[in-house]
Amino acid sequence: MSVIFYDQAEDQLLRFAVIIARSRGKWVLCKHRERDTLEIPGGRREPGEDIGWTAVRELREETGAKEFSIHPLCAYAVVREGEESLGMLYYADIRSFEPELHSEIERIFLLEALPENWTYPDIQPALLREAARRGAL
């Protein structure tokens, strides 16, 4: 398994959006109800949905973000057994949150330091390194 980064990709190939989020200088991470690990907010694109709207929808659903700015960083592919699955990486700064979550996410965490217990340890740290390399962090 590997992660490859692209400056752009054909829109119709982008299947998911992942959003590196911060709030007041802290990392915003999610804990899914069925897992004991933490993850960067994100999810699958719905049929006919603009990939930018996927990012906004997933950020709201998974973190309860109410007021925020969001912008795209790059496209990326997770490559498994020679097959690429493409997504778009975003960065968001969240200024306020809804009082409660209404999704599969049990809880959000606002952390000073990044965790070690990632849901996708081969992917999420690579996304953070690329975001830093591109000057977003």
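Residues numbered from 1 in each chain as written. Predicted model: local features only at pLDDT ≥ 70, side-chain atom pairs only at ≥ 80, totals over all residues. Heavy atoms only, no water.

Enquirer: Could you give me a rundown of the packing of aromatic side chains, with the residues and numbers involved?
Expert: Throughout the structure, instances matching the rule amount to two aromatic pairs. Ring centres of F5 and Y76 lie 6.2 Å apart, and the angle between their planes is 35 degrees; this geometry places the pair in the tilted category. Separated by 71 residues along the polypeptide, F5 in strand β1 (residues 2–6) and Y76 in strand β5 (residues 65–80) bring together distant segments of the chain. Taking the relative accessible area as the measure of exposure, F5 reaches 22% and is therefore partly exposed. Judged by relative accessible area, which is 2%, Y76 ranks as buried. Centroid distance F16 to Y76: 5.6 Å. Interplanar angle 70 degrees. Geometry classified as edge-to-face. Pair noted here: F16 is in strand β2 (residues 14–23) and Y76 is in strand β5, with a separation of 60 residues, a long-range link. Y76 matches F16 in its accessibility class, with the two residues each being buried. By way of ring pairs, the aromatic residues F5, F16 and Y76 are connected into one cluster. R22 extends its terminal NZ or CZ atom over the ring of W27, reaching a point 4.1 Å from the ring centre. (Phe/Tyr/Trp six-rings, centres within 6.5 Å; stacked < 30°, edge-to-face > 60°. Helix = DSSP H or I, 4+ residues; strand = E, 2+ residues; numbered from the N terminus. Buried < 20%, exposed > 50% of the residue type's maximum accessible area, 1.4 Å probe, protein only. Lys NZ or Arg CZ within 6 Å of the ring centre and 35° of its normal.)

Enquirer: Would you mind going over the pairing of strand β3 (residues 26–32) in detail, with residue names and values included?
Expert: In terms of burial, β3 is largely enclosed, as six of its seven residues are buried. For β2 and β3, the ladder comprises three bridges, and the chain directions are antiparallel. When the bridges of β3 are listed, R22 appears paired with W27. Turn length for the β2-β3 hairpin, with the two strands adjacent in sequence and antiparallel, is two residues, and the turn residue R24 shows positive phi of about 50 degrees. For β3 and strand β7 (residues 105–111), the ladder comprises six bridges, and the chain directions are antiparallel. In the strand pairing of β7, H32 is matched with I105. (Pairing = 2+ DSSP bridges.)

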